[in-house]
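A look at the structure
Single-letter residue listing:
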Amino acid sequence: MRNQFALRHTAVAVASLIGLISVATVQVATAAEKASAKPAATYVTGDFHNHSTCSDGSLSMQKLIDKSVKTFGLDWFVQADHGGSSARNCTLREDPFEPVAPALGLTNSATGPYPPATYPTGGQPASTLKGPNLSWESTLPGGRAAIKGDGTAVPKRMWRWQEIQEFQYKVTEDESRARQKPIWIGLEQNAPGHEHVSMVVLQGQQPWPKTGVSGNANLQAQYEYCFDRSDTDTSRGADNQWDCSVAGTTSTDALDTTSRKISGSNATATPDLGHRKTIEGLKWLKEKAPTTSYFVPAHLERAGIYNPTSSRGFNIEHLRNFNNTAPDIAFGFESMPGHQAADTRGEYSPNRGASLTNPTGGIDSVGIGTYGGTGIYAARIGGVWDALLGEGRKWWFFASSDYHNRGSFGADQRESNQDFYPGEYQKDYVMARKGTNNLSAEAIIDGLRSGNSFAGSGDLVDRLAFVACAANPAIPRPAFKALVEKAAANAALKNGEVRINGCATMGEKLVVAPGADVVVAIAVRDPQGKNFSPYSFPNPSLKQINITQPLDAPVLDHIDVIGGNVTGFVSPTDTAKYAGIEGTAAALNTSAEIKKVFNSTNWTATADGLRVMSYRIPAVKVSQYVRLRGTNLPAATPFETDAKGNPLNDYDLLPYFDPSKTLAEQPGKVVCADAACPAHMRTINGVKYSSFDVSAWADLWFYSNPVYIEVTNSVKVAGAK
């Protein structure tokens, strides 16, 4: 890779490195740990939200893991089914495992034979008498008697706690050690009072690089029994005889005497009980696994605004409550949801959940749709995420696949009108400080907690170095600019971080004296070659503005630097500022705005995809933060971005979908006119419209987590170190 820095600036900058460190100390500039004290680290990719047939997925655990860490190359993986119960045995591998090599244009069949057909959307049919759609009752040696806890269904459903404790954990440990990658078991919790949360209790689990004695997921199983809204078992985990009480809490009196857990959720007779139970779960995690657990609300706009008498979405006050209760466990949200190839992107829509028999029974997702594949809580500048960052909170951005199935397509068909596999479309890039050791689950959870991570879709970028550095007045501005840009470029090339005292990266804070200049440096790699899109025809959204760019070879168009002021934590007693729905005063940060836009006119580019840039924040007076987002779409791309480059509502772009099934399908906004445009596109009067997987591959984004800047006589940034 060639580097295009001016040699004289680079030479001066390198020679001045020692001076930078010493002068930065004089200026009272500090950033987290000293660079020399940080263990060696690298960004690693993973996914923590996906499903097998042990809940409502379509694959065995083994095939889901294989697709994620082998086919799509993830470095780490958390298998996380819903809580509750399931009749199907997800530990039974498909047979044959891959009946037909993955490709476009395959034929799936519910009756086989396999091959030449591939499995249908629901996976290998139980009628084959093989695979993960067979029931626990029919495949366990002890039959029905081996399934513990309450239940009268035929076949009997196994509670998720038993699946985790006795069956699923062993699969993840075996797969992890065989593949030599951290793979472990988690949960998509049906959160009482809310919709869903991606969570983990790692304590007891022994994934690779652990060897020898097997571990267990006993605490993960107990959490599911105690705190999942869909787990109504009263057996106390059968022979486990669990008690769900939390030390030092006032909720012991709410425990059911038989089940020893809080029964019920939000309801007319018990308003807010579910949210209270979810808070108790966080207290339990803080007591049992304070450094080996996380709790990340998922697709949190999808189910609408919070309702105290039912289990729906999350308002900003609930996120504040979670973070206040356990800031090292509840430290972010999954606002770039899965289901990106669905009929309504992310499964966000108006009147969601309506049906022909109940046409007005649905609810509106907050924001109605996603915006460039991201929920409005993070996509709207100055909205919920910026309000939380404006308090100086440890609250980070994550993405997930939420893989269930590929809609009308089978698991080995490359098309999708529902979900993408983990790693196929979205990835979380997490800084893991492993030093000279092998990558571990503990290092990954520490990385998630640190905020030193970024997330994106479609492999738009795959490397990022992003720092804020205290400017050294003793070094000429061009030389200092060259220094920090060179450091960022080197870090991105190595998939590592800038290691200079006086610089802070994502999730950290730079502490500077009033009046100091701060230089923000960014190096990002737009990977050359193709991503995992199966389509090579031109992007239909870009064709509207006469740009011909293959869907499988996207190009980063621009990066926005977004910033806002930090004004400190809001007190729960200040209800007008603490609690409210999206768009109200409690959920706004009016100081947040686009500070700088970088594109091909003002970044330095190399032939192999590296883009390097920086800008100076002069004479800082108040504590603040900066964060990044980037896309393949220019500003003012019709139906995709507005004049400032903000993403537009995906629901308005896609052909109209009526959840109540009472209205005819409507034309879309972007025509898919290429001869290679696939047959499954929404088609009205013979015209194909960009939709499903094509519209997702056309519209790509990445988001970084913030870097905080604390000014010594201004507001303290309490959530970052």
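As shown above, the structure is provided for reference.
It should be emphasised that the depicted structure is a prediction, and the values quoted were computed from it without experimental measurement. (Residues numbered from 1 in each chain as written. Predicted model: local features only at pLDDT ≥ 70, side-chain atom pairs only at ≥ 80, totals over all residues. Heavy atoms only, no water.)

1. Thoughts on the overall build of the protein
Across its full length, the protein holds 16 helices and 26 strands. Compactness check: the protein gives a C-alpha radius of gyration of 25 Å against a globular reference of 27 Å for 721 residues, within 12% of the reference. Taking the principal axes of its C-alpha atoms as reference, the protein extends roughly 75 × 65 × 55 Å. The proportion of buried residues among the 721 residues of the protein is 62%. (Helix = DSSP H or I, 4+ residues; strand = E, 2+ residues; numbered from the N terminus. Rg over C-alpha atoms; globule rule 2.2 N^0.38 Å. Buried < 20%, exposed > 50% of the residue type's maximum accessible area, 1.4 Å probe, protein only.)

2. A word on unusual backbone geometry
A cis amide bond links glycine 112 with the next residue in sequence, proline 113, at an omega value of 0°. Mapped onto the secondary structure, proline 113 falls in the loop between β4 (85-86) and α4 (136-139). Between valine 154 and proline 155 the backbone carries a cis peptide bond, its omega angle lying at -5°. Within the element layout of this structure, proline 155 appears in the loop between α4 and β5 (158-159). Its identity as a non-glycine residue notwithstanding, histidine 299 has a phi of 30°, on the positive side. Tracing the sequence through the fold places histidine 299 in the loop between β9 (293-297) and α8 (316-325). For histidine 299, a relative accessible area of 1% gives the class buried. Look at aspartate 402: it is not a glycine, yet its phi comes out positive at around 50°. Inspection of the secondary structure puts aspartate 402 in the loop between β11 (396-399) and β12 (426-433).

3. Structural notes on the packing of aromatic side chains
Applying the stated criterion across every chain, the model contains 27 aromatic pairs. On the basis of an interplanar angle of 85° and a centroid distance of 5.1 Å, the ring pair of tyrosine 425 and tryptophan 697 is categorised as edge-to-face. In this pair, tyrosine 425 is assigned in the loop between β11 and β12 and tryptophan 697 in helix α16 (residues 692-698), connecting sequence segments 272 residues apart. Per residue, the accessibility class of tyrosine 425 equals that of tryptophan 697, and both read buried. Members of the aromatic cluster, connected to one another through ring pairs, are Phe333, Trp385, Trp395, Phe397 and Tyr703. (Phe/Tyr/Trp six-rings, centres within 6.5 Å; stacked < 30°, edge-to-face > 60°.)

4. A short note on the side chain of aspartate 462
Examined against the element boundaries, aspartate 462 turns out to sit in the loop between β13 (453-457) and β14 (463-470). Since its relative accessible area comes to 17%, aspartate 462 is described here as buried. Within polar-contact distance, the side chain of aspartate 462 engages the side chain of arginine 525 at 2.8 Å. Here aspartate 462 is in contact with Tyr429, Phe454, Asn495, Arg525 and Pro527, once residues within four sequence places are set aside. (Polar contact = N/O pair within 3.5 Å; in protein donor to acceptor, adjacent residues only side chain to side chain. Contact = heavy atoms within 4.5 Å.)

5. Comments concerning the pattern of salt bridges
Scanning the entire structure with this criterion turns up 42 salt bridges. Note that aspartate 231 is salt-bridged to lysine 261, the shortest N-O span being 3.3 Å. Within this pair, whereas aspartate 231 is found in the loop between α6 (218-227) and α7 (273-288), its partner lysine 261 is found in the loop between α6 and α7, the two being separated by 30 residues in sequence. Assigned by exposure class, aspartate 231 and lysine 261 land together as buried. Of the charged contacts, one joins arginine 499 and glutamate 497 as a salt bridge, the two residues approaching to 3.0 Å between their closest N and O atoms. Looking at arginine 499, the relative accessible area reads 37%, which means it is partly exposed. The class of glutamate 497 is buried, set by a relative accessible area of 11%. It is possible to trace a salt-bridge network through shared partners that takes in Glu195, Arg302, Glu347 and Arg352. (Salt bridge = Lys/Arg side-chain N within 4 Å of Asp/Glu carboxyl O.)

6. Quick word on the sheet that holds strand β17 (residues 518-525)
Spatially, the five strands line up as an open sheet ordered β15-β14-β17-β21-β20, and their pairing is antiparallel. Strands at the two margins of the open sheet, each flanked by one partner only, are β15 (503-505) and β20 (604-605). Two strands pair when backbone bridges link them, and β17 and strand β21 (residues 610-617) are joined in this way by eight bridges, in the antiparallel orientation. Its bridge partner being in β21, valine 519 is matched across the sheet by arginine 616. (Pairing = 2+ DSSP bridges.)

7. Brief notes about the state of the cysteines
According to the stated counting rule, one finds four disulfides in the structure shown. Across a sulfur-sulfur distance of 2.1 Å, cysteine 226 and cysteine 244 are joined as a disulfide pair. Because the sign of the S-S torsion sets the handedness, a value of about -80° for the bond joining cysteine 226 and cysteine 244 places this disulfide among the left-handed ones. Of this pair, cysteine 226 sits in helix α6 while cysteine 244 sits in the loop between α6 and α7, and the two are 18 residues apart along the sequence. Across the disulfide from cysteine 469 sits cysteine 503; the S-S distance is 2.1 Å. Around the S-S axis, the bridge from cysteine 469 to cysteine 503 shows a dihedral of about 110° and counts as right-handed. One end of the pair, cysteine 469, is in strand β14; the other, cysteine 503, is in strand β15, and 34 residues separate them in sequence. Within the protein, bonded cysteines paired by disulfides and numbered along the sequence follow the pattern 1-2, 3-4, 5-6, 7-8. (Disulfide = S-S within 2.5 Å.)

8. Brief notes about the environment of alanine 592
In this structure, alanine 592 sits in the loop between α14 (575-578) and β19 (593-599). Remark: the alpha-carbon pair of alanine 592 and aspartate 386, spanning 206 residues in sequence, is separated by 6.7 Å. Once residues lying within four places of it in the same chain are set aside, the contact partners of alanine 592 are Ile381, Gly382, Asp386, Gly563, Gly564 and Tyr625.

9. Quick word on α6
Of all ten residues in α6, nine are buried, a share of seventy percent or more. For α6, the full list of buried residues reads Leu219, Gln220, Ala221, Gln222, Tyr223, Glu224, Tyr225, Cys226 and Phe227. Considering only its buried residues, α6 is in contact with α5 (160-179), β6 (183-185), β7 (187-190), β8 (196-201), α7 and β9.

10. Looking at the packing of α6 against α7
Orientation of α6 relative to α7, taken along the N-to-C sense of each, is 160°, at an axis distance of 10 Å. Considering the angle they form, α6 stands roughly antiparallel to α7. By crossing handedness, the relation of α6 to α7 is classed as right-handed. In this structure, α6 contributes Leu219, Gln222, Tyr223, Cys226 and Phe227 to the contact, and α7 contributes Lys277, Glu280, Gly281, Trp284, Leu285 and Lys288. (Axes fitted to C-alpha atoms, helices over the stretch in contact; angles between N-to-C directions. Parallel < 35°, antiparallel > 145°, perpendicular 65-115°, else oblique. Left-handed = near helix turned anticlockwise from the far one by under 90°.)

11. Thoughts on the pairing of strand β2 (residues 41-47)
Among the seven residues of β2, seven are classified as buried, and the element is accordingly described as predominantly covered. Taking every second residue as pointing to the same face, both faces of β2 are buried, with Ala41, Tyr43, Thr45 and Asp47 on one and Thr42, Val44 and Gly46 on the other. Examined bridge by bridge, β2 and β12 share six bridges and lie antiparallel to one another. Bridge pairing in β12 links alanine 41 to arginine 433. Where β2 and strand β3 (residues 76-79) come together, two bridges link them in parallel fashion.

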